[in-house]
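One-letter residues, chain by chain:
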Amino acid sequence: MLLNSKGKHRRPSKAVRIATLAGVTGAAVAVPLMGATTASAASVETWDAVAQCESGGNWSINTGNGYYGGLQFSQSSWAAAGGTQYAARADLASKDQQIATAEKLLDMQGPGAWACAGAGGLTDDGVDPGVNTGSGQSQQAQPEREAEQPATRSEQRSAPQPEKKAESRKTVTTPTGEKVQKGDGEYKVKTGDTLSKIAQKEGVKGGWSKLFKLNDDIVKDANLIFPGQQLHLK
């Protein structure tokens with residue numbers, strides 16, 4: 001796991017140790033020593049090995065423990081090494097962007113910034129990993145729940161509704177709370193309607209008995225029809 005200056009301290013660099021032993025301020029000693037060092041780098045294979053140890057090789061991991069991405073950056077280390085130019089957190093950046101940021105942190109802190117440096121064989125080997133930070137930014141690592149949601153209100157309204165709502169369109173609730181079949185006929189039953197009234201009003205040949213036979217799939221008792229049911233008239 002990447003070591004953080006808060007709570008989990010990084011291994012002091014050689015420059016800091018010399019400054020401490022000499023009893024002088026860091027500003028007086030660190031500048032010439034840092035100027036004498038060369039840029040650090042490691043191969044992609046090395047970073048893969050470190051990530052395998054740090055996070056099981058999961059470059060978009062976020063377990064909520066304060067460390068993010070394949071190389072388990074703390075938020076402060078990610079920001080210090082310039083990672084926020086790619087994404088707010090390491091787990092939201094691409095693998096290449098995480099490696100590019102790790103290269104800068106390696107140059108700043110050395111291999112000791114990672115607890116898994118030894119397991120991954122991380123050293124200042126000077127190899128340019130040749131990563132591409134210009135594509136595949138954080139979209140691929142965004143939480144899946146965001147990608148699954150419709151992008152706009154209109155899409156949300158037009159999204160498939162749960163099966164329960166589809167079922168409710170096929171039934172009518174009676175005054176007692178019972179659900180009966182709604183039907184798909186051309187006449188919608190209104191309050192006060194009876195089969196006799198409907199047959200007379202709509203001119204159904206054969207009267208109420210004919211109307212009953214036409215709709216016996218939803219009307220089980222000729223004396224009981226309910227507002228909202230839709231009856232066939234022919």
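Counting restarts for each chain, with residues numbered from 1 along the sequence as it is written. Selection of residues for local features in this predicted model requires a pLDDT of at least 70, selection of side-chain atom pairs for listing and counting requires 80 or more, and totals for whole chains, interfaces and linings are taken over all residues. Hydrogens and water are ignored here; the side-chain numbers use all heavy atoms of the structure.

(A) Spatial organisation of the overall build of the protein chain. Counting from the N terminus, the helices are DSSP H or I runs at least four residues long and the strands are E runs at least two residues long. Regarding its fold elements, the protein chain presents eleven helices and six strands. Burial classes: relative accessible area under 20% of the type maximum marks a residue as buried, over 50% as exposed, and values in between as partly exposed (1.4 Å probe, protein chains only). Among the 234 residues that make up the protein chain, the fraction classed as buried is 34%. Every residue pair with non-hydrogen atoms within 4.5 Å of one another is taken to be in contact. For the protein chain, long-range pairs separated by at least 24 residues make up 59% of all intrachain contacts whose partners lie at least 6 apart in sequence.

(B) The arrangement of the state of the cysteines in detail. The disulfide criterion used throughout: a pair of cysteine sulfur atoms within 2.5 Å. Taken as a whole, this structure holds one disulfide when the rule is applied. Covalent S-S linkage joins C53 and C116, the inter-sulfur distance amounting to 2.1 Å. Taking the sign of the S-S torsion, about -60 degrees here, the bridge from C53 to C116 comes out left-handed. Residue C53 is found in helix 3 (residues 44–55), and its partner C116 is found in the loop between helix 5 (95–109) and helix 6 (117–120); the two are separated by 63 residues along the sequence. Among the residues examined, C53 registers a relative accessible area of 36% and is labelled partly exposed. Look at C116 and you get buried, because its relative accessible area is 7%.

(C) Geometry of the confidence of the model for the protein chain. pLDDT is defined as a per-residue confidence score from the predictor, taking values between 0 and 100. On average, residues of the protein chain score 74 in pLDDT, and 65% of them are at 70 or above. Confidence drops under pLDDT 50 across residues 5–39; counting only partners more than four residues distant or on other chains, this segment forms 24 contacts. In the predicted structure, residues 135–157 sits below a pLDDT of 50 and forms 24 contacts with residues beyond four places in sequence or in another chain.

(D) Spotlight on the packing of aromatic side chains. Ring geometry is summarised as follows: Phe, Tyr and Trp rings, the Trp one being its six-membered ring, pair when their centres sit within 6.5 Å, and such pairs are stacked at plane angles under 30 degrees, edge-to-face over 60 and tilted between the two. In the structure shown here, the tally under the stated rule is three aromatic pairs. Relative to W114, the ring of W47 lies with its centre 5.2 Å away and its plane at 65 degrees, an arrangement referred to as edge-to-face. On the criterion of sequence distance, the pair formed by W47 in helix 3 and W114 in the loop between helix 5 and helix 6 is long-range, its members being 67 residues apart. Each member of the pair, W47 as well as W114, carries the same accessibility label: buried. Between F73 and W78, the aromatic rings sit 5.0 Å apart at their centres with planes inclined by 70 degrees, giving edge-to-face as the arrangement. Classification of F73 as buried rests on a relative accessible area of 0%. Each member of the aromatic cluster is reached from another via a ring pair, and the members are W47, F73, W78 and W114.

(E) Representation of the packing of helix 10 (residues 195–202) against helix 11 (residues 207–214). It is the contact of helix 10 with helix 11, at a shortest axis distance of 8 Å, that shows an interaxial angle of 105 degrees. The pairing of helix 10 with helix 11 is recorded here as roughly perpendicular in orientation. Mapping the contact onto sequence places L195, S196, I198 and A199 in helix 10 and G207, W208, L211 and F212 in helix 11. Classes in brief: Ala, Val, Leu, Ile, Met, Phe, Trp, Tyr, Cys and Pro nonpolar; Asp, Glu, Lys and Arg charged; the others, Gly included, polar. For the contact of helix 10 with helix 11, a count of residues per class yields six nonpolar, two polar and no charged. As a rule, the C-alpha atoms of each element are fitted with a line to give its axis, helices using only the stretch in contact, and angles between N-to-C directions run from 0 to 180 degrees. Any angle that is under 35 degrees is reported as roughly parallel, and any over 145 degrees as roughly antiparallel; angles of 65 to 115 degrees are reported as roughly perpendicular and all others as oblique.

(F) Region of interest: helix 10. Here helix 10 has its buried residues at L195, I198 and A199. Buried residues in helix 10, looked at end-on, bunch into an arc of 100 degrees, giving them a common side. Of the surrounding secondary structure, the elements contacted by the buried residues of helix 10 are strand 5 (187–188), helix 11 and strand 6 (230–231). Immediately downstream of helix 10, the backbone of G203 shows phi near 65 degrees, a positive value. Read the arc as the range of directions from the helix axis to the C-beta atoms.

(G) Spatial organisation of the pattern of salt bridges. Should a side-chain nitrogen of Lys or Arg be within 4 Å of a carboxyl oxygen of Asp or Glu, the pair is scored as a salt bridge. This structure, assessed with the given rule, holds three salt bridges. As a salt-bridge pair, K95 and D48 come within 2.9 Å of each other at their nearest N and O atoms. On the criterion of sequence distance, the pair formed by K95 in helix 5 and D48 in helix 3 is long-range, its members being 47 residues apart. For D91, the salt bridge identified is with R89, shortest N-O distance 2.9 Å. According to the relative accessible area criterion, D91 is buried, its value standing at 3%. A relative accessible area of 24% means that R89 is categorised as partly exposed.

(H) Focus on the side chain of S74. With respect to the helices, strands and loops of the structure, S74 is situated in strand 2 (residues 73–74). On the basis of relative accessible area, S74 is assigned to the buried category, the value being 1%. For this analysis, a polar contact is any N or O atom pair within 3.5 Å, provided that within protein one partner can donate a hydrogen and the other can accept it, and provided that sequence-adjacent residues contribute only side-chain to side-chain pairs. A polar contact is formed between the side chain of S74 and the side chain of S77, at a distance of 3.0 Å.

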